[in-house]
Amino acid sequence: MKITFIGLGNMGGPMALNLQAVGHEVVGVDPVGGPDGIAMANSIEEGCVGSDIAITMLPNGAILRKVAADVIAALPKGAVFLDCSTVDVDSARDVAADANAAGLGALDAPVSGGIKGAADGTLTFMVGGDDGAFETAKPLFDIMGQKAVHCGASGAGQAAKICNNMILGVTMLGTCEAFALADKLGLDRQAMFDVVSTSSGYSWTMNNYCPAPGVGPVSPADNDYAPGFAAELMLKDLGLSQDAAASCDADTPMGELAKALYDRFVNDEGGMGRDFSAVLPWFSGRGRA
Ligand code: NAD
């Protein structure tokens, strides 16, 4: 396949390299360049000539909307527009409708798995869009990831992603405040981990991404909370889930509180650029007092 890959940052760069490594023809488009080994085009128009599929991995919905207008104008009819960025559901649906109206297949397929998953080709894709486009993209999901779940029509992938990450944010905060309480009660952190990770309080954050250094599998906490998954990216995702909740009148009080806490952590408490699990030292220091 000829693949145009637009947005070759921390995630897109390694994803594009994995596609090229198995023999696909990959052309990149990014104003700041791409990783060594990927041929770059000067414009979206140039990069999309003769492409079977255009993949975007961009920072947000506003940028996606701008890029999508150019991609939709440039792709040959019958090609597929595959957006893997994490964006709001409305942007995903609008872009897909425009692509479909221009005779293109369209999928929203945000990912879970982070930079390591992108490099290792072990991402999980949550996909919205029609069956035909999904079948076209499926072999590429299999290269870039370990699993692709077809969640429903356009926007369903983004809906799944923001619900998942709302749970993740809430669970991380709950796990961190429980560790902070355990500390005050004089409970050893290893004992806390050993009990909770095998009891009903267990979770992905506790068992696989423990916010306390020195216990559980190696996590960003063991690397002085270098990300990993940066706190400001969690704040972005909680903003998306709260915006979505407002747009459909859903009640998400825990998501609202999680967003407020990450907002404070990122903007007032030095959390910018730290892993999202670094709320544990903030809570332990009674930083919220
Ligand atoms: P990044 O900032 O490293 O990469 C984004 C890239 O897009 C940059 O290289 C930038 O130059 C490029 N770009 C911006 N405007 C462009 C334009 N008009 N045309 C072409 N390229 C343009 O960000 P990232 O960490 O790679 O994240 C990308 C997306 O993946 C985001 O939506 C993010 O929420 C999502 N995501 C990130 C992670 C993670 O751990 N980093 C995990 C899951 C999902």
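Bear in mind the structure is a predicted one, so any value in this text is a computation, not a measurement.

**Q** Just checking my understanding: could you explain the site of the ligand for this structure?
**A** Gly7, Gly9, Asn10, Met11 and Thr86 are the nearest of the 23 residues found near the ligand. Where the shell around the ligand is concerned, the elements lending two or more residues are helix H3 (61-74) and helix H5 (114-120). A breakdown of the residues in the shell around the ligand according to their chemical character gives 15 nonpolar, 7 polar and 1 charged.

**Q** Sorry, what's going on with the nonpolar core here?
**A** If you look at soluble globular proteins, the nonpolar side chains tend to sit buried side by side. Counting residues in each nonpolar core, the largest one holds 93 residues, and the members touching the most others are Ala54, Val71, Phe81 and Leu82. Sorting elements by how many residues they give to this core places helix H7 (residues 156-184) first, with 12 residues. Residue contributions to this core reach at least three from each of two domains, namely domain 1 (2-153) and domain 2 (160-285). When residues no more than four places from it in sequence are discounted, the contact partners of phenylalanine 81 are Ala54, Val71, Ile72, Leu75, Ala99, Leu104 and Ala106.

**Q** Could you clarify how one ought to interpret the pairing of strand S9 (residues 145-152) in this entry?
**A** On a regular strand, each side chain points to the face opposite its neighbour's, so the side chains alternate between the two faces of the sheet. Judged from the 6 bridges that link them, strand S8 (residues 123-129) and S9 form a sheet pairing that is parallel. Bridging across to S9, methionine 126 finds its partner in valine 149. Each parallel crossover has a hand, and for S8 linked through helix H6 (residues 131-144) to S9 it is right-handed.

**Q** What is the right way to look at the domain arrangement of the chain in this model?
**A** One frequently used descriptor of interface size is the decrease in accessible area upon assembly of the parts. Each assigned domain of the chain is listed with its residue range as follows: domain 1 (2-153) and domain 2 (160-285). Facing the 8 residues of domain 1 at the interface are 8 residues of domain 2. Here the residues of the side of domain 1 that touches domain 2 are counted per class, giving 4 nonpolar, 3 polar and 1 charged.

**Q** Would you take a moment to explain the packing of H3 against helix H4 (residues 89-101) for this structure?
**A** Axes are the key here: two packed helices are described by the angle between their axes and the distance separating the axes. At a minimum axis separation of 10 Å, H3 and H4 run at an interaxial angle of 5 degrees. Relative to H4, the element H3 is oriented roughly parallel. When H3 is examined against H4, the residues Gly61, Leu64, Arg65, Ala68 and Ile72 are found in contact with a partner set consisting of Ser91, Val95, Asp98 and Ala99. In the contact of H3 with H4, the residues fall into 5 nonpolar, 2 polar and 2 charged.

**Q** For this particular structure, what's the right way to read the UniProt feature "domain: 3-hydroxyisobutyrate dehydrogenase-like NAD-binding" (unreviewed entry) in the chain?
**A** Within this numbering scheme, the UniProt entry marks residues 155-281 as carrying the feature "domain: 3-hydroxyisobutyrate dehydrogenase-like NAD-binding" (unreviewed entry). Along residues 155-281 the backbone is 62% helical and 0% strand, and the end-to-end C-alpha distance reaches 36 Å.

**Q** What am I meant to see in unusual backbone geometry here?
**A** Backbone phi values are negative for most residues with the exception of glycine, while trans is the configuration of most peptide bonds. Omega for the bond connecting proline 227 with glycine 228 falls within 30 degrees of zero, at 20 degrees, which places this linkage in the cis form. Within the element layout of this structure, glycine 228 appears in the loop between helix H9 (204-208) and helix H10 (231-248). One non-glycine residue, aspartate 249, adopts positive backbone phi at about 60 degrees. Here aspartate 249 is to be found in the loop between H10 and helix H11 (253-268).

**Q** Help me understand helix H8 (residues 189-196), please; the structure alone is not making it clear to me.
**A** Since there are 3.6 residues in each turn of an α-helix, residues three or four apart along the chain are aligned in direction. Along H8, the residues classified as buried are Met192, Phe193 and Val196. The arc enclosing the buried residues of H8, seen along the axis, measures out at 95 degrees, which places them on a common side. Exposed and oriented more than 90 degrees from the buried face of H8 are Gln190 and Ala191. Buried-residue contacts for H8 involve H7 and H9.

Reading the values: rules and limits
- Residues numbered from 1 in each chain as written.
- Predicted model: local features only at pLDDT ≥ 70, side-chain atom pairs only at ≥ 80, totals over all residues.
- Near = placed C-beta within 6 Å.
- Helix = DSSP H or I, 4+ residues; strand = E, 2+ residues; numbered from the N terminus.
- Nonpolar A, V, L, I, M, F, W, Y, C, P; charged D, E, K, R; others polar.
- Core = buried A, V, L, I, M, F, W, Y, C linked by C-beta atoms within 7 Å.
- Buried ≥ 20, exposed ≤ 12 C-beta atoms within 10 Å, placed from the backbone.
- Domains from an automatic or database assignment.
- Contact = placed C-beta atoms within 7 Å.
- Pairing = 2+ DSSP bridges.
- Right-handed = clockwise from strand over helix to strand, strands pointing away.
- Axes fitted to C-alpha atoms, helices over the stretch in contact; angles between N-to-C directions.
- Parallel < 35°, antiparallel > 145°, perpendicular 65-115°, else oblique.
- UniProt positions renumbered as here; feature names shortened; annotations may be inferred.
- Arc of directions from axis to C-beta.

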